[in-house]
Amino acid sequence: MTVEKLLEVKDLSIGFRIGKEVFQAVDNMSFTMKQGKVLGIVGESGSGKSVTVSTIMRLLPPNGVIAGGQILYKGEDLVKKAEDEMLEIRGKEISMIFQDPMTSLNPVFTVENQLVEAIQIHQSVNKQQARLKAIELLELVGIQDAEKRIGLYPHNFSGGMRQRVMIAMAVACNPSLIIADEPTTALDVTVQAKILDLLADLQAKFQTGIIFITHDLEVIRDIADDVIIMYAGEVVESGPVLQIFEKPTHPYTRMLMQSIPKANKHAGKLHVIEGTVTPIKDIKKGSCRFADRIPWIPAEAHEENPQLREIEPGHFVRCTCYQHFHYKEDAPTERREG
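Residues numbered from 1 in each chain as written. Predicted model: local features only at pLDDT ≥ 70, side-chain atom pairs only at ≥ 80, totals over all residues. Heavy atoms only, no water.

A. Just the sheet that holds strand β10 (residues 234-240), in detail. Spatially, the eight strands line up as an open sheet ordered β6-β7-β8-β3-β9-β10-β12-β11, and their pairing is mixed. The open sheet has two edge strands with one neighbour each: β6 (94-97) and β11 (308-312). Neighbour-to-neighbour, the strand axes of this sheet turn through a mean angle of 20°, independent of strand direction. Contacting β6 and β7 (177-181), helix α7 (residues 159-171) runs over the sheet at an angle of about 175° to β6. Along the sheet face, helix α8 (residues 189-206) touches β3 (38-42), β6 and β8 (209-214) and points at about 160° away from the line of β8. (Pairing = 2+ DSSP bridges. Helix = DSSP H or I, 4+ residues; strand = E, 2+ residues; numbered from the N terminus. Axes fitted to C-alpha atoms, helices over the stretch in contact; angles between N-to-C directions. Contact = heavy atoms within 4.5 Å.)

Structure (structure tokens):
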């Protein structure tokens, strides 16, 4: 049985107008997402993760520019959609869970006001029917005494409960795709685990596709089917989660994995990736964007125009530098003549 393509992003380039120039924040991004699957997108701040998903929702700021490419949702190009058409799609077909629910929920309206409004915008129901649906949704996401608590304001809920409210709003209209933009970053570890379990349960129940944005590879190991590793606006590695974890190949992926804290007392000092992601104004076209983070690798190890290549079925890696990579501490030392 074939699985339907839910989302296909083709050569998507996104820029920001700064003064008279447009600087590329995401360059030729391509991926395919299947119905009912979870796609993880990983990378440091500044890698282009949130810009990519904001563009899928067509929620770029005024200086944002879609410089090229297609966003095919169920075969229709969202790039060509007018704003009134996108209003129909947002919430009903594609919904989003944001990182900080306190800034996403309106503090001056009750949870009931906000959930009922979200339901009525996309469904032909009266206010009473929408309220009953809202209570059902709060119960679905694990909020106890939902009928009593629905009348409370966001500040009356804990961080984890507010995130559950956001998830309830996201699934209110049974969307085909949910975009979760670092939804557990502001939560403690115990609450984070509960939210991840909730998302996994909802995904299994409704067969909803999820794009999960994070900087935490361990979260991706638990929740995703496929993963994209982004760096400085480019995909540097992608493939099925099991392949990436069993055979991380690009230097950035390998170093990210080395940076994951381990419970083993013999694990030694935690690995640190030196430097920062190159600002979009300083990115050099036609070069390996990760080269300045691994300066001990010779320049000739990098391609002049790095391309994504399939190194095994479904597993793609950018630049030939992975063939020459070693960790800085493993670099050979020069012999000194005595």
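After presenting the structure, the write-up continues.
B. Focus on the packing of aromatic side chains. Tallied over the entire structure, the rule returns four aromatic pairs. Through successive ring pairs, a cluster of aromatic residues spans Y231, Y252 and F290. (Phe/Tyr/Trp six-rings, centres within 6.5 Å; stacked < 30°, edge-to-face > 60°.)

C. Broad picture of α7. Between its first and last C-alpha, α7 extends 19 Å over 13 residues, near the 18 Å set by a 1.5 Å rise per residue. With eleven of its 13 residues buried, α7 lies for the most part within the structure. (Expected span 1.5 Å × (residues − 1). Buried < 20%, exposed > 50% of the residue type's maximum accessible area, 1.4 Å probe, protein only.)

D. Structural detail: the side chain of E112. Inspection of the secondary structure assignment puts E112 in helix α4 (residues 111-122). The residues touching E112, leaving out its near neighbours within four places in the chain, are R131, I150 and G151.

E. Representation of the nonpolar core. Grouped together as the largest cluster of nonpolar side chains are 67 residues, with contacts concentrated most on L138 and F212. Here this core takes seven residues from α7, the largest share from any one element. Not counting residues up to four positions away in its chain, the partners in contact with L138 are V111, L115, I143, A146, I150, V165 and A168. With 31 residues, the next largest nonpolar core counts I41, V51, V53 and Y73 among its residues. (Core = buried A, V, L, I, M, F, W, Y, C linked by side-chain atoms within 4.5 Å.)

F. Molecular detail of the pairing of strand β12 (residues 315-318). Relative to β12, β10 is paired through two bridges, and the arrangement is antiparallel. Bridged to E237 within β12 is V317. Both β11 and β12 contribute to a ladder of four bridges, which runs antiparallel. Paired with R309 across the two strands is V317, which belongs to β12. In this structure, the hairpin formed by β11 and β12 is closed by a connection of two residues, where G314 is found at a positive phi of approximately 80°.

G. Representation of the packing of α4 against helix α5 (residues 127-140) in the model. At a minimum axis separation of 9 Å, α4 and α5 run at an interaxial angle of 110°. The orientation of α4 with respect to α5, classified from their angle, is roughly perpendicular. In terms of crossing hand, the pair formed by α4 and α5 is right-handed. In this structure, α4 uses V111, E112, L115, V116, I119 and Q120 to contact α5, whose residues at the interface are K127, A130, R131, K133, A134, L137 and L138. Of the residues assigned to the contact of α4 with α5, the class counts are eight nonpolar, one polar and four charged. (Parallel < 35°, antiparallel > 145°, perpendicular 65-115°, else oblique. Left-handed = near helix turned anticlockwise from the far one by under 90°. Nonpolar A, V, L, I, M, F, W, Y, C, P; charged D, E, K, R; others polar.)

H. Structural context of the sheet that holds strand β4 (residues 64-73). Spatially, four strands are ordered β2-β1-β4-β5 in an open sheet, and the strand pairing comes out antiparallel. Lying at the two open borders of the sheet, with one neighbouring strand each, are β2 (21-34) and β5 (76-77). As judged from the two bridges shared by β4 and β5, these two strands associate in the antiparallel manner. Within β5, the position partnered with Y73 by the bridge is E76.

I. Representation of unusual backbone geometry. Notably, R58 is not glycine yet its phi reads approximately 60°, a positive angle. Along the chain, R58 turns up in the loop between α1 (49-56) and β4. Positive phi, normally seen in glycine, also occurs at N174, with a value near 50°. By the element assignment, N174 lies in the loop between α7 and β7.

So far we have only geometry, and geometry alone does not tell us how the molecule works.
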